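So you can see what is in the structure, the chains are spelled out below.
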Amino acid sequence: AANDCLPMPWLGIDIGGSLVKVVYFEPTDSTDEREAEANENIKQFVKGRAAYCNTGSRDTHLQMNNVTVNKRQGTLHFIRFPTSEMKVFLQLVKTKEMASIYSTVCATGGGAFKFEEDFEKEVLLKIHKFDELDSLIRGIQFVERNFPRECYYFSHPVDDKKCKKAPFDFSRPYPFLVVNIGSGVSILAVYSENEYKRVTGTSLGGGTFLGLCCLLTGCETYEEAIALAEQGDSTNVDKLVKDIYGGDYHKFNLRGNTVASSFGNMNCKQKRESTSREDLAKATLVTITNNIASIARMAALNESIQRVVFVGNFLRNNTISMKLLAYAMEFWSRGALKALFLEHEGYFGAVGCLQELMG
Ligand code: ADP
């Protein structure tokens with residue numbers, strides 16, 4: 001009977017526009033036999049390849065050991081797969097008969113609404129829906145407190161030779177700006193533990209990068225798009241200040257190698273013909289990243305906030321964008337703004353919605 005079900009599913013799911021992020025809390029202090037057995041089942045499922053629908057992965061490097069959630073000790077596991085595989089995932093959960101053990105899952109993101117009926121009617125699991133931005137902030141606060149070296153920055157972002165990743169002490173975080181770069185972008189100002197607002201956003205986000213890159217280069221995946229960009233040179237594609245001025249634009253302190261017009265050389269047939277797929281991928285990445293940097297900078301100025309935390313899966317495997325963001329924050333604010341990054345980049349919504357239920 002439903003009443004016999006264990007109330008805690010220990011699963012947080014963030015169903016986004018591109019990716020589903022799953023966080024599973026594995027209790028390591030079970031004294032209840034039935035719970036231990038149920039968790040053994042779910043653990044097999046989560047740790048087995050099947051759970052990832054063959055197109056997803058478990059991020060073992062992000063695993064959090066010995067964390068306390070709702071007075072219980074355990075391990076947090078991190079898994080992601082494309083949202084397009086959601087129906088396959090639901091079928092898997094159904095065949096595993098998780099509903100006979102657990103009664104609810106915590107979910108957030110747009111898909112918590114879109115797939116609610118599928119969960120409840122097909123899989124017989126009740127969904128506890130949480131707001132994605134509330135969850136994001138809660139998740140950041142929880143992980144920052146529980147994972148050593150979660151927060152980092154790039155030192156000397158303006159000097160490419162010296163620029164390198166370094167840990168940042170984020171134990172006294174407020175106020176800070178969060179720039180969540182998923183399929184689209186949301187910018188939040190966080191003033192204290194319980195006080196935040198959504199300042200602005202842009203539809204030109206990670207989904208735009210990937211979509212345009214597929215159109216322009218014929219690539220098929222995010223990994224491929226990033227690999228192309230790493231080999232490319234965007235200065236063939238973009239029109240730079242020096243292409244227009246012949247050098248720097250001194251009066252307003254604009255360096256010759258500053259982009260004046262993104263893709264601005266591509267109206268010229270000759271330039272188009274000498275441009276590679278790699279160059280186009282790089283230019284797309286740089287265009288989207290710099291646009292986000294510029295909006296983030298204005299938001300920070302408006303809110304009088306100095307620390308800007310960039311998160312979201314657009315930053316996964318993407319050092320080019322992180323270094324560009326670090327450069328843009330430092331250079332254009334004359335050192336007033338600092339770009340910060342977090343190791344669990346895309347998982348905060350999923351962690352946060354689990355937290356919300358458990359307190
Ligand atoms: P959402 O919640 O909108 O799905 P995410 O924070 O998960 O947002 O970020 C999605 C973005 O992350 C994509 O638009 C893409 O730029 C990037 N990305 C990183 N890894 C992948 C991947 N394996 N598949 C698709 N997109 C990926």
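Residues numbered from 1 in each chain as written. Predicted model: local features only at pLDDT ≥ 70, side-chain atom pairs only at ≥ 80, totals over all residues. Heavy atoms only, no water.

Asker: Go over the side chain of S186, please, and point to the residues and values.
Answerer: Note on placement: S186 falls in strand β11 (residues 185-192). A distance of 3.1 Å separates the side chain of S186 from the side chain of R198, its partner in a polar contact. Beyond its immediate sequence surroundings of up to four residues, S186 is in contact with L133, V178, V179, N180, R198, T200 and G201. (Helix = DSSP H or I, 4+ residues; strand = E, 2+ residues; numbered from the N terminus. Polar contact = N/O pair within 3.5 Å; in protein donor to acceptor, adjacent residues only side chain to side chain. Contact = heavy atoms within 4.5 Å.)

Asker: Explain unusual backbone geometry residue by residue, including any values.
Answerer: Here Y174 and P175 are connected by a cis peptide whose omega angle stands at -10 degrees. Phi at N66 takes a positive value of approximately 50 degrees, unusual for a residue other than glycine. Given the relative accessible area of 60%, N66 is considered exposed. Notably, R334 is not glycine yet its phi reads approximately 55 degrees, a positive angle. Note on placement: R334 falls in the loop between α11 (319-332) and β16 (338-342). According to the relative accessible area criterion, R334 is exposed, its value standing at 74%. (Buried < 20%, exposed > 50% of the residue type's maximum accessible area, 1.4 Å probe, protein only.)

Asker: Residue-level account of the pairing of strand β2 (residues 19-27), with values.
Answerer: For β2, a buried count of 8 out of 9 residues is recorded, marking the element as mostly surrounded by other parts of the structure. With 5 bridges joining them, strand β1 (residues 11-15) and β2 adopt antiparallel strand pairing. Note that in β2 the partner of G12 across the bridge is V23. Here β1 hands over to β2 after 3 residues, the two strands then running antiparallel side by side. Note that β2 and strand β5 (residues 72-82) share 9 bridges and pair antiparallel. Within β5, the residue paired with L19 across the bridge is P82. (Pairing = 2+ DSSP bridges.)

Asker: Before we move on, can you summarise the packing of helix α2 (residues 86-95) against helix α4 (residues 116-123) with the specific residues and values?
Answerer: Helix-helix packing is characterised by the crossing angle of the two axes and by the distance between the axes. It is at 10 Å that the axes of α2 and α4 come closest, and there the two elements cross at 30 degrees. If you check the angle between α2 and α4, you find them roughly parallel. Once α2 is placed against α4, the crossing between them reads as right-handed. Each of M86, K87, L90, Q91, V93 and K94 in α2 lies in contact with α4, whose residues at this interface are D118, F119, E122 and V123. Grouping the constituent residues of the contact of α2 with α4 by class yields 5 nonpolar, 1 polar and 4 charged. (Axes fitted to C-alpha atoms, helices over the stretch in contact; angles between N-to-C directions. Parallel < 35°, antiparallel > 145°, perpendicular 65-115°, else oblique. Left-handed = near helix turned anticlockwise from the far one by under 90°. Nonpolar A, V, L, I, M, F, W, Y, C, P; charged D, E, K, R; others polar.)

Asker: Pulling in residues and values, what's your account of the confidence of the model for the chain?
Answerer: For the chain, per-residue confidence averages 91 on the pLDDT scale, and residues scoring 70 or more make up 93% of the total. Confidence drops under pLDDT 50 across residues 1-5; counting only partners more than four residues distant or on other chains, this segment forms 7 contacts. Scored by ipTM, the complex comes to 0.99, with pTM at 0.95. (pLDDT = per-residue confidence, 0-100.)

Asker: So what's going on with the nonpolar core? Which residues, and what values?
Answerer: Buried together is how nonpolar side chains tend to be arranged in soluble globular proteins. Grouped together as the largest cluster of nonpolar side chains are 61 residues, with contacts concentrated most on L76, M86, F119 and V178. The element best represented in this core is helix α5 (residues 132-146), accounting for 6 residues. Apart from the residues within four sequence positions on either side, M86 is in contact with I15, V20, F81, F115 and F119. One finds Y152, I187, I292 and L315 within the second-largest nonpolar core, a separate group that totals 38 residues. (Core = buried A, V, L, I, M, F, W, Y, C linked by side-chain atoms within 4.5 Å.)

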